[in-house]
Amino acid sequence: MELVTLDAGEQAAIRDEAQRLLAQPPPADRRGIGCITVVGAGLLLLLLPPLSKRLGWPPLVADVLFWALAIVLALGLFAAVFLTTSRYSQASSRAHEALAWLASHADARDAKAQRHAVTLICYHTINDDGGQAQVIDIDEAKATLGAALPFVIAVERVLYPDPTGRHFDRA
């Protein structure tokens, strides 16, 4: 594999792009909405029998409210447990888009190629809910990149001068 050399201007542009990406605020976490829904619907379900008695609602009204709240509770539970975070979804979308672009433009070394390489490196893993989440498989990404891999490694070396922070530049 032939190494790619980047001049000082390219290195500065790569660092600037990485700072720009990392400075963007993360998207809101969708699972929090599910948790709030579960708590709210659960409390209303607990309060439904005494409230129904106190207000003298007919049994049909109480039954309809019970089933409506049960459905809302189930949907909230689904959202809280099974939905991925918006951060993960955003990172996955950006990393896969960058990977596809780089794979289809293997000879590119311009500013757009730099942006995509930085995006791939910044979003291939994310810190999600206190732990590292791998967004793309590095070995598969290396195979997909093909001729663009040396360029991605050069960009990664600019962003991570210490080899311990690198992922694409590992054997």
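None of these values were measured; they are calculated from a predicted model.

*Asks:* Explain the nonpolar core to me, using residue names and the numbers behind them.
*Replies:* In this structure, Leu102, Val118, Leu120, Leu145, Val152, Val155 and Phe168 are the most contacted members of the largest nonpolar core, which totals 35 residues. Elements represented by at least two residues in this core include exactly helix H1 (8-23), helix H4 (86-104), helix H5 (111-123), helix H6 (138-145) and helix H7 (149-159). It is H7 that provides the largest number of residues to this core, a total of 8 residues. Excluding residues that lie within four positions of it along the chain, Val118 makes contacts with Ile14, Glu17, Ala18, Leu21, Val155 and Leu159.

*Asks:* Explain the packing of aromatic side chains to me, using residue names and the numbers behind them.
*Replies:* Following the criterion strictly, the structure yields 1 aromatic pair and no others. When the ring of Phe66 is compared with that of Trp67, the centres are 5.0 Å apart and the planes differ by 80°; the resulting orientation is edge-to-face. With a relative accessible area of 36%, Phe66 lands in the partly exposed category. When its relative accessible area of 55% is taken as the criterion, Trp67 is described as exposed.

*Asks:* Can you tell me about H1, naming the residues and giving the values?
*Replies:* For H1, built from 16 residues, the straight-helix expectation of 22 Å at 1.5 Å per residue is met to within 8% by its first-to-last C-alpha distance of 22 Å. Buried residues of H1: Ile14, Glu17, Ala18 and Leu21, and no others. The buried residues of H1 occupy an angular sector of 100° when projected down its axis, which confines them to one face. Facing away from the buried side of H1, by more than 90 degrees, are the exposed residues Ala8, Gln19 and Ala23. The inward-facing, buried residues of H1 abut H4, H5 and H7. N-cap assignment for H1: the residue whose side-chain oxygen lies 3.1 Å from the backbone N of Gly9 is Asp7.

Cut-offs and rules
- Residues numbered from 1 in each chain as written.
- Predicted model: local features only at pLDDT ≥ 70, side-chain atom pairs only at ≥ 80, totals over all residues.
- Heavy atoms only, no water.
- Core = buried A, V, L, I, M, F, W, Y, C linked by side-chain atoms within 4.5 Å.
- Buried < 20%, exposed > 50% of the residue type's maximum accessible area, 1.4 Å probe, protein only.
- Helix = DSSP H or I, 4+ residues; strand = E, 2+ residues; numbered from the N terminus.
- Contact = heavy atoms within 4.5 Å.
- Phe/Tyr/Trp six-rings, centres within 6.5 Å; stacked < 30°, edge-to-face > 60°.
- Expected span 1.5 Å × (residues − 1).
- Arc of directions from axis to C-beta.
- Polar contact = N/O pair within 3.5 Å; in protein donor to acceptor, adjacent residues only side chain to side chain.

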